[in-house]
Every structure is written in structure tokens, then in C-alpha cells.
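What follows is each chain in one-letter form.
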Amino acid sequence: RSSVPVSAAMEAREPLLELRGALRAVLSRIREGEPGQGRDPFELPRFWDALGQAFKVTSQEATKLSLAFSGSPLTSAEDCQKLGEDVQNAILAVATVYYWLPKGQGTTLRKMVRDATTEVVEGMIQLVETILSSPLESLSQEQLISTAGVWEACEQVSSLPRGEYNQAAVASALAACLGVVKDAVKEMEQALVEGQDPYSDILEDEELGFRGNRDTYWSEADRTLLGSCMGLMKASKACLKKILGVVKAYGKADSAEQITQLDDLADIAHQISPSVDELALSMYPPVNQLAVRLNVNTLEAFLMHFLHFCRASHVCPPPEEGWVQFLSGAVDHNMNKIKSLTQGQL
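Residues numbered from 1 in each chain as written. Predicted model: local features only at pLDDT ≥ 70, side-chain atom pairs only at ≥ 80, totals over all residues. Heavy atoms only, no water.

Student: An account of the overall build of the chain is requested, with residue identities and associated values reported.
Tutor: Within the chain, the secondary structure is distributed over 10 helices and 0 strands. In sequence order, the secondary structure elements of the chain are arranged as α-α-α-α-α-α-α-α-α-α. Taken over 346 residues, the chain has a buried fraction of 46%. Of the roughly 17300 Å² of accessible surface on the chain, 53% is carried by carbon and sulfur atoms. (Helix = DSSP H or I, 4+ residues; strand = E, 2+ residues; numbered from the N terminus. Buried < 20%, exposed > 50% of the residue type's maximum accessible area, 1.4 Å probe, protein only. Areas by Shrake-Rupley, 256 points an atom, 1.4 Å probe, with all protein chains shown as cover.)

Student: Mind laying out the side chain of Ser134, listing which residues take part and the relevant values?
Tutor: Here Ser134 lies in the loop between helix H4 (107–133) and helix H5 (141–155). For Ser134, a relative accessible area of 8% gives the class buried. At 3.4 Å, the side chain of Ser134 forms a polar contact with the side chain of Ser140. (Polar contact = N/O pair within 3.5 Å; in protein donor to acceptor, adjacent residues only side chain to side chain.)

Student: Give a description of the confidence of the model for the chain that names residues and reports values.
Tutor: Looking at the chain as a whole, the pLDDT averages 87, with 87% of positions reaching at least 70. When the elements of the chain are averaged for pLDDT, helix H1 (residues 6–32) gives the smallest value, 85, and helix H7 (residues 220–250) the largest, 94. The low-confidence segment residues 208–212, where pLDDT is below 50, has 5 contacts with residues more than four positions distant or belonging to other chains. (pLDDT = per-residue confidence, 0-100. Contact = heavy atoms within 4.5 Å.)

Student: Account for the nonpolar core, naming residues and giving values.
Tutor: Leu65, Met233 and Phe306 are the most contacted members of the largest nonpolar core, which has 99 residues in total. Taken domain by domain, this core gets at least three of its residues from each of domain 1 (6–157) and domain 2 (166–197 + 211–342). Not counting residues up to four positions away in its chain, the partners in contact with Phe306 are Leu174, Cys239, Leu240, Ile243, Leu265, Ile268, Ala269 and Ile272. (Core = buried A, V, L, I, M, F, W, Y, C linked by side-chain atoms within 4.5 Å. Domains from an automatic or database assignment.)

Student: Before we move on, could you go through the pattern of salt bridges and cite the residues and values that matter?
Tutor: What the rule picks out here adds up to 7 salt bridges. A salt bridge links Glu129 to Arg24; its shortest N-O distance comes to 2.7 Å. Highlighted residues: Glu129 in helix H4 and Arg24 in helix H1, separated in sequence by 105 residues. The partly exposed category is assigned to Glu129, whose relative accessible area is 27%. Of the charged contacts in the structure, one is a salt bridge between Glu189 and Lys234, with a shortest N-O distance of 3.2 Å. With Glu189 in helix H6 (residues 166–193) and Lys234 in helix H7, this pair connects stretches of sequence that are 45 residues apart. (Salt bridge = Lys/Arg side-chain N within 4 Å of Asp/Glu carboxyl O.)

Student: Quick rundown of a negative patch on the surface? Include the residues and the values.
Tutor: Together, Asp183, Glu187, Asp277 and Glu278 give the surface a local cluster of negative charge. Looking at the negative patch, the elements with two or more residues in it are H6 and helix H8 (256–282). Following the sequence through the fold, Glu278 ends up in helix H8. In this structure Glu278 comes out as partly exposed when scored by relative accessible area, which is 44%. (Patch = residues over 30% accessible without salt bridge, like charges linked within 9 Å, V, L, I, M, F, W, Y side chains within 5 Å. Lys, Arg positive; Asp, Glu negative; His and termini not counted. Charge placed at Lys NZ, Arg CZ, Asp CG, Glu CD.)

Student: Kindly report on the packing of H4 against H6, identifying the contributing residues and their values.
Tutor: It is at 8 Å that the axes of H4 and H6 come closest, and there the two elements cross at 70 degrees. Looking at the two axes, H4 sits roughly perpendicular to H6. Touching Thr107, Thr108, Leu109 and Met112 of H4 are Asn166, Ala169, Val170, Ser172 and Ala173, all from H6. Broken down by class, the residue content of the contact of H4 with H6 amounts to 5 nonpolar, 4 polar and no charged. (Axes fitted to C-alpha atoms, helices over the stretch in contact; angles between N-to-C directions. Parallel < 35°, antiparallel > 145°, perpendicular 65-115°, else oblique. Nonpolar A, V, L, I, M, F, W, Y, C, P; charged D, E, K, R; others polar.)

Student: Break down helix H3 (residues 77–100) for me, with residues and values.
Tutor: Counted at 1.5 Å a residue, the expected span for H3 with its 24 residues is 34 Å, and the 35 Å between its end C-alpha atoms agrees. For H3, every residue scored as buried is listed here: Cys80, Leu83, Gly84, Val87, Ala90, Ile91, Val94, Ala95, Val97 and Tyr98. (Expected span 1.5 Å × (residues − 1).)

As C-alpha cells, this is what we get:
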């Protein structure tokens, strides 16, 4: 049993409860609010320095808070109050710096900074809640994990893309989408190569006995259709890879129009990767040709929009137009094959 008098424990908890409430209020403002336009001329290097500093201070305050509640004697009510204020000030500084980032710098960059900021605040709330639910004189495993969680969230600021304004953020977003698509293509290729039964590892159940269930196999007709679907998935991978390349090579953020074009490319890419995933899921047996066809139509629309938009934007100078045409042709070619194989479905 804890040797701490009940009144002392209550006094120590009071500032923590207040702190938790204040942090929750900051979190909802970050999630719902919009950064201001800022009266001073915005300087990106100054912004990154301030954000890095604010995250560093927050990490240090998390350590102090955790140590204060990790052993005897119990921290006094006054010290608890002071610790709570210091944590709150550190989190408010993080939120304030986030609000410096004007809309004009691009929505992709802003979303990445907002996500990083949100994660830090959520981590700190988690730490406070863990301390509140643990005996106040002991350092629980949960408290260690929560403290490390805040450190990790604060360290993420160093990996945020800091190149030319929005261009680096958009390149980072495209690379993440490309990673998702690469994984989906690789997984599907393995399933197709590993033989007739993609569920063999999942359905090893003695009670089921020998499975003659057609629902777990691909027919020859399925495999013909899936070949063209794979072609479309690979075209998606190629589109993301090429557009990532031209964004890195030619992407600029000198004007509002260029920044918006980059953001739009990131937005369309964020629609392509889940569409590839949806198509891959519908390709597992039993293959429903109508579902495959509908998913293919959605993916084709996003890919064509992506390619046409890229071609019309500043990241695609005339020498780059050849591959846009080539990839549009690849999408069309696979679509025509899929349409002829599924025409009875529509």
C-alpha cells in the first residue's frame, strides 16, 4: 500500500488534472483551428529553428514531469503546480509556432507539421493520464513507455521535410504513397506466384480437412483478368515514381500557383494508393468481376487525372511529356483488356 497521506496525494493530483484539461483544450484548437497569415514576413529557416527548439523544451519538460512522479518523497503541491505550468507553457509554445506557418506555404507542409504537433500534444496527455492512474511514488512500465513516446514524438521534428517550402513536403507525401503501392504490387505478385491457393497459410485447420472449396482458388479466367489488373497496378507505381522524380527535379514554390499545383498532386496521389489497395483486395478469390471492374474504373480515373494534371503543371516541362503519354497509353491498354474480359458484368 502507498504510504502517501490521502490529502497529499489529492493535492499532487489536482494540478495534473488541471494540466490534462488545458492540454486537451490545446489539442482541440490545433485540430480545428487554422494557422494565421502572420503579420511579420514569414521566414522558413526561423520557423524550423523555433519549432525544433519548442519540441526540444517539451521533451525536457516531459522528463522532469515523469521523474517528479517516480519515487519518494512525493512532490509538494507547489512543485506540482510549477511543473504543470512549465509543461503547459512548453506545449503552448509548440502550438504557437505551428500557428506561425501561413496557409500560403502549402497545405501538404502544413498538414505534416500539424500531424507532428498533434502527436506531441497527444503524447503529453497520455503521459499525464498514465501518471494519474499509477501509484504516485512508483515508476511504472507504462509511465516509462509514455515518457519515451513523448521523446519520440518530439524527435520527429528533425525528420520533417525542410527543402524548398512545400516542394519537399509534397515529395515526401508522394514517396509515402509510392511505398504503399509498391507493397501492394509485391504482395499480389507473391500471391499469384505461390500457386493455386493464396489462403493456404491462413486456412491450415485440421477440422476443415481437405479443402475442395472453389472459393479459395483462382480459375484460369481469373488469372487472365488478374494479369491485366497487375498491369494497371504496375502502371500506378510507375506514375507515382515518375511524378515523384519530376517534383524533386522541377518542383518550385515561388508562387501561390506553383504551391497549389504541388498540393493538388499530393492530394491526387493520396487517392491513388488506397484505390490500388482496394483493387488488390478485390482480386483475391472468390473473384467478383463486378467489384474488380468498379475498382479498376476508380483507379483509372485517378491515374488519368494525375497524369493530365501533372502534364499541365509546372513540374512537367516539354522534354518530360513523352513518358506522360507513354504511361497514359499503358493505363489505356490494360483498361481495354480488363473491359473486354469483364464486359458481361456491366
